[in-house]
Amino acid sequence: MAVYAIGDIHGCYKQLVRLIELIPKSKKDTFVFLGDYVDKGKKSKDVIDYLIDLSKKYTCVFLRGNHELLMMNACSGKQKFSLWHSRGGKRTLKSYGIKKKKNWVEQIDKSHWEFIEKTLPCFEYKDFIFVHAGLKKGVPLQEQSELDLIWRKYFSPEKYEKGKIVICGHTVRKSGKIANYGHTICIDTNAYGGKFLSCLNVKTGEFFQVKRKSKVRKGILIMDKKEPKLMKKSG
C-alpha cells in the first residue's frame, strides 16, 4: 500500500488531473491532500468536484489549508469576506459562476461546504505526520495551535520529534523543487505560480510533478539531503 501526499493545488485543476493520472495507484493506496484546494487559480470548483469524486474510489484524507479557513471565515461578515476575496477568493467565486456577492454562500454546492468543513488539521500515519503549514517543536500534536498548523511559514523548520517525518505544504518553494530537510519535507512547489504540483510517495521517496501544459518531472528523494535527486525528466 502506497501513501501519497499531494501539495497545494490552488485551483490548478488540469495539473491535478494529470498528476493523479500519472501516479501508479491501486485501490489499497491512501492519498493525503495537504490543503489549499481553492483560491488564486481559475478552477477551484472543478478541483473540489474532482476530489469528492476521487474520494469515492480511493481512501483520501483532506487537510485544511489557510485558504479553506479563509473561505469558511468569509461567511461570518463583510470584513472577513473582503479579506478572503482579496487573497484569491474572487477567482474562487468566479469558478462557481458567482457574479454578485449577495447570497454567495447559498450559491456554492452544499456538498462543497461539507467537504471544506470536514477537512482535518493534521493526520498521523506511522512515522509520518501530515500538516498544511507545520508543527511547533515540543508541543504535542493535539495541542498545536491553528497558527502553527495552518498559517505559520516554515522556511527552515526544526525537527519536530525523533523518528517522525513531517510532510507539509504552505511555505511555497518558488523554484518548484521539493524542500527536503530529512525530518521535514515541504511539497508546496508553486503550482499556481507556474511551477509544479507535486505528489510524494512517503514510503519510497518517489515523487511526481506536473507543470502547466502537462510537463512532467519524476524522481526519488534522498532523505538525508536538502535537495531531491532527479532520476528522470520528461516533457
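Bear in mind the structure is a predicted one, so any value in this text is a computation, not a measurement.

(A) Region of the structure containing the pattern of salt bridges. Counting across every chain of the model gives 5 salt bridges. Measuring nitrogen to oxygen at the nearest pair gives 2.9 Å for the salt bridge that ties Asp49 to Lys45. Highlighted residues: Asp49 and Lys45, both in helix H2 (residues 44-55), separated by 4 residues, approximately one helical turn. Judged by relative accessible area, which is 31%, Asp49 ranks as partly exposed. With a shortest N-O distance of 2.5 Å, Arg152 and Asp148 are connected by a salt bridge. On the basis of relative accessible area, Arg152 is assigned to the partly exposed category, the value being 35%. The exposure class of Asp148 is buried, given its relative accessible area of 5%.

(B) Spatial organisation of a positive patch on the surface. A contiguous patch of positive charge, built from Lys14, Lys42, Lys90, Arg91, Lys94, Lys101 and Arg212, is present on the exposed surface. One can find Lys94 in helix H4 (residues 78-95).

(C) Molecular detail of unusual backbone geometry. The phi torsion at Asp39 lies on the positive side, around 75°, for a residue other than glycine. For Asp39, the position within the fold is in the loop between strand S2 (30-33) and H2. Positive phi, close to 50°, is recorded for Lys126, a residue that is not glycine. By the element assignment, Lys126 lies in the loop between strand S4 (122-125) and strand S5 (128-131).

(D) Spatial organisation of the sheet that holds S5. Strand order across the open sheet formed by 5 strands is S4-S5-S6-S8-S7, with mixed pairing between neighbours. Because the sheet does not close on itself, it has two edges, and the strands there are S4 and strand S7 (179-180). The pairing of S5 with strand S6 (residues 165-168) spans 3 bridges and is classified as parallel. By the bridge assignment for S6, Phe128 is matched with Ile165.

(E) Spatial organisation of the packing of helix H3 (residues 66-73) against helix H5 (residues 110-117). It is at 10 Å that the axes of H3 and H5 come closest, and there the two elements cross at 125°. By the angle class used here, H3 and H5 are oblique. In this structure, H3 meets H5 at a crossing whose hand is left-handed. Contact residues: Glu68, Met71 and Met72 in H3; Trp113, Ile116 and Glu117 in H5. Residues of the contact of H3 with H5, tallied by class, amount to 4 nonpolar, no polar and 2 charged.

(F) Structural view of the side chain of Arg173. Inspection of the secondary structure assignment puts Arg173 in the loop between S6 and S7. In this structure Arg173 is buried but unpaired, with Asp188 as the nearest side chain of opposite charge at 7.6 Å.

(G) Structural view of the packing of aromatic side chains. Counting across every chain of the model gives 14 aromatic pairs. For Lys27, the ring lying beneath its charged end belongs to Tyr58, and the centroid distance is 4.9 Å.

(H) Examining H4 more closely. Taking 1.5 Å of rise per residue, 18 residues should cover 26 Å, yet H4 covers just 21 Å from first to last C-alpha, more than 12% shy of that figure. Most pronounced at Gly88, the bend in H4 amounts to some 85°. Of all the positions in H4, only Phe81, Trp84, Gly88, Gly89, Thr92 and Leu93 are classed as buried. Just past H4, the residue Gly97 takes up positive phi, approximately 75°.

(I) Representation of the pairing of strand S3 (residues 59-62). Both S2 and S3 contribute to a ladder of 4 bridges, which runs parallel. Counterpart to Phe33 in the pairing with S3 is Phe62. In this region the chain leaves S2, passes through H2 and returns to the parallel neighbour S3; the handedness of that crossover is right-handed.

(J) Seen up close, the side chain of His170. Looking at the secondary structure, you find His170 in the loop between S6 and S7. Using a relative accessible area of 6% as the deciding quantity, one classes His170 as buried. A polar contact of 2.6 Å, which involves the side chain of His170, links it to the backbone oxygen of Trp151.

(K) Just the nonpolar core, in detail. The biggest cluster of nonpolar side chains holds 43 residues, and the ones touching the most others in it are Leu16, Phe31, Phe33, Tyr37, Leu51 and Trp104. In this view, Leu51 contacts Ile9, Leu16, Phe33, Tyr37, Phe62 and Phe115; residues no more than four positions away in its chain are not counted.

Conventions and cut-offs
Residues numbered from 1 in each chain as written. Predicted model: local features only at pLDDT ≥ 70, side-chain atom pairs only at ≥ 80, totals over all residues. Heavy atoms only, no water. Salt bridge = Lys/Arg side-chain N within 4 Å of Asp/Glu carboxyl O. Helix = DSSP H or I, 4+ residues; strand = E, 2+ residues; numbered from the N terminus. Buried < 20%, exposed > 50% of the residue type's maximum accessible area, 1.4 Å probe, protein only. Patch = residues over 30% accessible without salt bridge, like charges linked within 9 Å, V, L, I, M, F, W, Y side chains within 5 Å. Areas by Shrake-Rupley, 256 points an atom, 1.4 Å probe, with all protein chains shown as cover. Lys, Arg positive; Asp, Glu negative; His and termini not counted. Charge placed at Lys NZ, Arg CZ, Asp CG, Glu CD. Pairing = 2+ DSSP bridges. Axes fitted to C-alpha atoms, helices over the stretch in contact; angles between N-to-C directions. Parallel < 35°, antiparallel > 145°, perpendicular 65-115°, else oblique. Left-handed = near helix turned anticlockwise from the far one by under 90°. Contact = heavy atoms within 4.5 Å. Nonpolar A, V, L, I, M, F, W, Y, C, P; charged D, E, K, R; others polar. Phe/Tyr/Trp six-rings, centres within 6.5 Å; stacked < 30°, edge-to-face > 60°. Lys NZ or Arg CZ within 6 Å of the ring centre and 35° of its normal. Expected span 1.5 Å × (residues − 1). Bend = angle between axes of the 7 residues up to and from the residue. Right-handed = clockwise from strand over helix to strand, strands pointing away. Polar contact = N/O pair within 3.5 Å; in protein donor to acceptor, adjacent residues only side chain to side chain. Core = buried A, V, L, I, M, F, W, Y, C linked by side-chain atoms within 4.5 Å.

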